[in-house]
Amino acid sequence: MRALALDRQVEERFLEALRPDQLTLALAALAQLEQEEQAESKQWELQLERARYQAKRAERQYQAVEPENRLVARSLEKQWEEQLRAVETAEKEYHAWKSSRFGILTQTDREAIVALGSDLPALWQASTTTNTERKQMLRLVIREVIVDSKRVEGQVWVQINWQTGALEQFCYQRRVSSYAVFAGAQALEQRVRELNAAGLMDAQIAATLEREGYQTPGLVHPITSKIICHLREQWKIPTVKLNRNERNPTQWEDGSYSVEGAAAKLGVDQSTIFTWLKTGRLKGEHLARSMPWKIYVTEEDERRLHEWLRRARRSKREAL
């Protein structure tokens, strides 16, 4: 998978998360977390205080026993040691909990963070900002990015683990070489069928899809009438012709001729008409593959081609 596409996706979410209004909401949520942590910290402190009190109490009991009463002294000494270990365990757990908590932000810190959100997009895009500095900014708010290019066919699955502990999952289309594994193939086929059923020809369908933001598997090439023609053949979608799939008339409404009409008018086979179109003896318009020709035959064309046929036939007889 291409790293540039992933970088763009992460960058967009990074900048979105640090917009001033999003930062204000985040700071409000952080303030609530701080209150909850202060209450939890109080509970830890009370628990630690009780453990220390029990240890002091066990120490006083041990110190108060008569040395001659060895059995009682050993029992009290054991209780004292157990209480000391309980204090040590409670302190370790408290410090571990405290090290994983958020720091307390001052009002100045909060104002600075919100102000940063307004300047960040410009700072991020600035030519003076290096990629190393961008990575440093990302690491301040993103702990890691997990990527799987095989979980969803034709797409890249991404999970962003933010430094706050929040998770965000999303997918985006990846560049592929085939419509068979293209994530947007189903939607593209459905839209092509709709436009084809509405009577649009290939060039019109291509222009409509481009306006609507549809993409090819490579995500960079424009959708052309040639691509639409290829897809219609692959998906077995019939061609929309000038005559709505009816038999070609001899002459179209604008006065131009079909291949059949031109052949009848000039007294030649249809294959000859195609040869003349190819060599430029006749001028015609072919809007797209599988579309009928519109051939323009003037009186001058008719006279010129009849003369050419007469000479060609005479030359053939003389050669025989």
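Residues numbered from 1 in each chain as written. Predicted model: local features only at pLDDT ≥ 70, side-chain atom pairs only at ≥ 80, totals over all residues. Heavy atoms only, no water.

(A) Structural detail: the overall build of the protein. Within the protein, the regular secondary structure consists of 11 helices and 5 strands. Counting every position in the protein, which comprises 320 residues, the buried fraction comes to 30%. Of the contacts made within the protein by residues no fewer than 6 positions apart, 53% connect residues no fewer than 24 positions apart. Only carbon and sulfur atoms are counted for the fraction: they give 50% of the accessible area of the protein, which is about 21300 Å². (Helix = DSSP H or I, 4+ residues; strand = E, 2+ residues; numbered from the N terminus. Buried < 20%, exposed > 50% of the residue type's maximum accessible area, 1.4 Å probe, protein only. Contact = heavy atoms within 4.5 Å. Areas by Shrake-Rupley, 256 points an atom, 1.4 Å probe, with all protein chains shown as cover.)

(B) Structural detail: the confidence of the model for the protein. Overall, the predicted model of the protein reaches an average pLDDT of 81, with 83% of residues at or above 70. By mean pLDDT, helix α4 (residues 107–125) is the weakest element of the protein at 70, and strand β1 (residues 142–148) is the strongest at 92. (pLDDT = per-residue confidence, 0-100.)

(C) Summary view of the sheet that holds strand β3 (residues 167–173). Strand order in the open sheet formed by 3 strands is β1-β2-β3, and the pairing between neighbours is antiparallel. With partners counted over all chains shown, the strands left at the sheet margins are β1 and β3, one partner each. Neighbour-to-neighbour, the strand axes of this sheet turn through a mean angle of 20°, independent of strand direction. Pairing of strand β2 (residues 155–162) with β3, which is carried by 7 bridges, proceeds in the antiparallel orientation. By the bridge assignment for β3, Val156 is matched with Tyr172. Where helix α1 (residues 3–17) meets the sheet, it contacts β1, β2 and β3, and its direction lies at approximately 140° from that of β3. (Pairing = 2+ DSSP bridges. Axes fitted to C-alpha atoms, helices over the stretch in contact; angles between N-to-C directions.)

(D) Region of the structure containing the pattern of salt bridges. For the coordinates displayed, the defined rule picks out 14 salt bridges. With its nearest N and O atoms 3.1 Å apart, the salt bridge here joins Glu189 to Arg193. Here the residue Glu189 and the residue Arg193 both occupy positions in helix α6 (residues 185–197), the gap between them amounting to 4 residues, near one helical turn. One continuous salt-bridge network, built from bridges that share partners, spans Arg191, Glu194 and Glu212. (Salt bridge = Lys/Arg side-chain N within 4 Å of Asp/Glu carboxyl O.)

(E) Representation of helix α8 (residues 225–235) within the structure. Among the residues of α8, Ile228, Cys229, Leu231, Arg232 and Trp235 are the ones counted as buried. Seen along its axis, α8 keeps its buried residues to an arc of 165°; they face one direction. Elements in contact with the buried residues of α8: α6 and α7 (202–211). Of the residues trailing α8, Lys236 is marked for its positive phi of about 55°. (Arc of directions from axis to C-beta.)

(F) Summary view of the packing of aromatic side chains. All chains considered together, the criterion is met by 4 aromatic pairs. Consider the rings of Trp44 and Tyr94, whose centres lie 6.3 Å apart with planes at 45°: the pair is tilted. Of this pair, Trp44 sits in helix α2 (residues 20–64) while Tyr94 sits in helix α3 (residues 70–99), and the two are 50 residues apart along the sequence. Among the residues examined, Tyr94 registers a relative accessible area of 8% and is labelled buried. One cation-aromatic arrangement involves Arg151 over Trp157; the distance from NZ or CZ to the ring centre is 3.7 Å. (Phe/Tyr/Trp six-rings, centres within 6.5 Å; stacked < 30°, edge-to-face > 60°. Lys NZ or Arg CZ within 6 Å of the ring centre and 35° of its normal.)

(G) Focus on the packing of α7 against α8. Where α7 meets α8, the axes come as close as 8 Å, and the angle between the chain directions of the two elements is 105°. Taken together, the axis directions place α7 and α8 in an arrangement best described as roughly perpendicular. Facing α7, whose interface residues are Asp202, Ala203, Ile205, Ala206 and Leu209, α8 presents Ser225, Ile228, Cys229 and Arg232. (Parallel < 35°, antiparallel > 145°, perpendicular 65-115°, else oblique.)

(H) Summary view of the environment of Gln204. Within the element layout of this structure, Gln204 appears in helix α7. As for Gln204 and Thr224, which are separated by 20 residues in sequence, their C-alpha atoms are 9.5 Å apart.

(I) The arrangement of the environment of Glu144 in detail. Following the sequence through the fold, Glu144 ends up in strand β1. Distance in space between the C-alpha atoms of Glu144 and Gln159 is 8.4 Å, their sequence separation being 15 residues. Excluding anything up to four places from it in sequence, Glu144 contacts Gln159, Ile160 and Asn161.

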